[in-house]
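Next come the chains, spelled out residue by residue.
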Amino acid sequence: HPTRVTLRVVAVANLVFFAVGLLFAIPAYRTQYRVLRDWPSADAVVVRSEIVPVESSSGQQLYDTAVQFAFDANGRTYMGVVTSPHQSTSYDRKAKQIARFPPGSHHTIRYNPAHPADIRANVGYNVHFFVVPVFLTGVACIFLVLALIFFAIAHPWRKSAESTAP
């Protein structure tokens, strides 16, 4: 039946999108895991924190955060900046995020031992640290669910139930 073939093709296409989503998510998980495993931690003080207005390519006003930290590593003082992994149209949302980092406050950061100015804040097994790979996985799973739905609709048992009807 041509409709079943079409449904199966759509299901397979959704499985391909699921796989591609995972192909993007897995390296992102690995990168974050390496930060957790390999980067040393340090006590850092906030030097400056601000909301940064950014204009999107379409001209829309977006907001990001930038927090500058100072910390000691290997007998030297380093400076590093942490920005948000995503921009927002909501100034208030970014204001709430930046309020956790007032100048003079102390936070534990992780720094890249090869390039100590490369730092991360809020490091841990939490959704904030893994936001990008979690988002990619979520989008991929939407395609998996769609594939399962299309496969279920196209399943051959539906034909035998239809052919036995009077």
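Scoring rules and cut-offs
- Residues numbered from 1 in each chain as written.
- Predicted model: local features only at pLDDT ≥ 70, side-chain atom pairs only at ≥ 80, totals over all residues.
- Heavy atoms only, no water.
- Pairing = 2+ DSSP bridges.
- Helix = DSSP H or I, 4+ residues; strand = E, 2+ residues; numbered from the N terminus.
- Buried < 20%, exposed > 50% of the residue type's maximum accessible area, 1.4 Å probe, protein only.
- Contact = heavy atoms within 4.5 Å.

J.: Could you give an account of the pairing of strand β5 (residues 115–121), naming the residues involved and the relevant values?
T.: Sheet analysis places strand β4 (residues 106–112) next to β5, joined by 4 bridges and oriented antiparallel. Pairing of Asn112 across the sheet is with His115, part of β5. In this antiparallel pair of consecutive strands, β4 and β5, the connection spans 2 residues.

J.: Give a description of the environment of Ala44 that names residues and reports values.
T.: Along the chain, the position of Ala44 falls in strand β1 (residues 41–55). When its relative accessible area of 0% is taken as the criterion, Ala44 is described as buried. Between the C-alpha atoms of Ala44 and Asp72, which are 28 residues apart in sequence, the distance is 7.6 Å. Leave out the neighbours within four places in its chain, and Ala44 touches Phe69, Ala70, Phe71, Ser105, His106, His107 and Ile109.

Treat this as a map of the structure, not an account of what it does.
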